[in-house]
Amino acid sequence: MKYTVHPIQKITEKRKYYPFLLDADPSETMIEKYLKKGEMFAFEEAGITVGVIVMFPLSGTDCELKNMAVLPERQQQGIGRWMIEFVAQHYQGRFKTIYVGTGGSGVTFYQKCGFMLSHRVENFFTDHYEQPIVENGVQMIDMVYLKRDL
């Protein structure tokens, strides 16, 4: 299915999008840590928000994709990849590298989007989340970081 996503909006009223954010990160505590300094973009189609992405500055040269979520019924249609390409173009010249931390199937997804393995943070999910995070019956323990040069 072909789609056109527009308009792209930089969001200042970020709390309105908590249902999206919680879909990708089930901890309000963790979301609050990056939401204040992060830049959020919402992607709309026919007046309906179909996805959001939050980017966070790490340093003068690096940023991190902290949260990305797409409506469940619109997943597997290329919208996530499109959002990544948008932020890559948007931040080109401002940052040199985008990092993303993930686990489970996220590793493969981000590799398909041009990210390469960077490093691993052992026990991240068990140390920072009160409830276990389980994907396809497997508990996530370590955070895998990937990076993409801009």
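Above this text you will find the structure in question.
Residues numbered from 1 in each chain as written. Predicted model: local features only at pLDDT ≥ 70, side-chain atom pairs only at ≥ 80, totals over all residues. Heavy atoms only, no water.

Engineer: Please explain the nonpolar core as it appears in this structure.
Structural biologist: Formed by 40 residues in total, the largest nonpolar core has its most connected members in Ile53 and Leu65. The biggest single contributor to this core is helix α3 (residues 79-91), with seven residues. Excluding its chain neighbours within four sequence positions, the residues that come into contact with Leu65 are Ile53, Val54, Met55, Ile84, Ile98, Tyr99, Val100, Gly101 and Tyr110. Ranked by size, the runner-up nonpolar core spans eight residues in total, among them Phe125, Ile133, Met140 and Met143. (Core = buried A, V, L, I, M, F, W, Y, C linked by side-chain atoms within 4.5 Å. Buried < 20%, exposed > 50% of the residue type's maximum accessible area, 1.4 Å probe, protein only. Helix = DSSP H or I, 4+ residues; strand = E, 2+ residues; numbered from the N terminus. Contact = heavy atoms within 4.5 Å.)

Engineer: Help me out: how do you make sense of the environment of Pro57 in this one?
Structural biologist: Its location among the elements puts Pro57 in strand β3 (residues 48-57). Taking the relative accessible area as the measure of exposure, Pro57 reaches 33% and is therefore partly exposed. In sequence terms Pro57 and Asn67 are ten residues apart; their C-alpha atoms lie 13 Å from each other. In contact with Pro57, not counting residues within four places along its chain, are Lys37, Asp62, Cys63 and Phe95.

Engineer: Whenever I open this one, α3 confuses me. Can you help?
Structural biologist: Taking 1.5 Å of rise per residue, 13 residues should cover 18 Å, and α3 covers 18 Å from first to last C-alpha, within 8% of that figure. Taken as a whole, α3 has its buried residues at Ile79, Gly80, Met83, Ile84, Phe86, Val87, Ala88 and Tyr91. Looking one or two places after α3, you find Gly93, whose phi comes out positive at around 95 degrees. (Expected span 1.5 Å × (residues − 1).)

Engineer: Looking at this structure, how should I read the side chain of Glu44?
Structural biologist: The topology assignment puts Glu44 in strand β2 (residues 39-45). Buried within the structure, Glu44 lacks any salt-bridge partner; Lys16 is the closest side chain of opposite charge, at an N-O distance of 6.1 Å. (Lys, Arg positive; Asp, Glu negative; His and termini not counted. Salt bridge = Lys/Arg side-chain N within 4 Å of Asp/Glu carboxyl O.)

Engineer: What is the right way to look at the pairing of β3 in this model?
Structural biologist: Strand residues, when the strand is regular, have side chains that alternate between the two faces of the sheet. For β3, a buried count of eight out of ten residues is recorded, marking the element as mostly surrounded by other parts of the structure. As paired strands, β2 and β3 are joined by seven bridges and run antiparallel to one another. The residue of β3 that forms the bridge with Phe43 is Gly51. Counting the residues in the hairpin turn of β2 and β3 gives two residues, including Ala46, whose phi is positive at 55 degrees. In this sheet, strand β4 (residues 62-70) lies alongside β3 in antiparallel orientation, the contact comprising seven bridges. By the bridge assignment, Ile53 is partnered in β4 with Met68. Once β3 ends, the chain turns through four residues before running back antiparallel as β4. (Pairing = 2+ DSSP bridges.)

Engineer: Got a minute to help me understand helix α2 (residues 28-35) in this structure?
Structural biologist: Side chains that are three or four residues apart share a direction in an α-helix, a result of its 3.6 residues per turn. For α2, the set of buried residues is Met30, Ile31, Tyr34 and Leu35. Buried residues of α2, viewed axially, fall in a sector of 125 degrees; they line one side. Of the residues in α2, the exposed ones pointing more than 90 degrees away from the buried face are Thr29 and Lys33. Contacts made by the buried residues of α2 are with α1 (18-24), β2, β3, β4 and α5 (124-128). (Arc of directions from axis to C-beta.)

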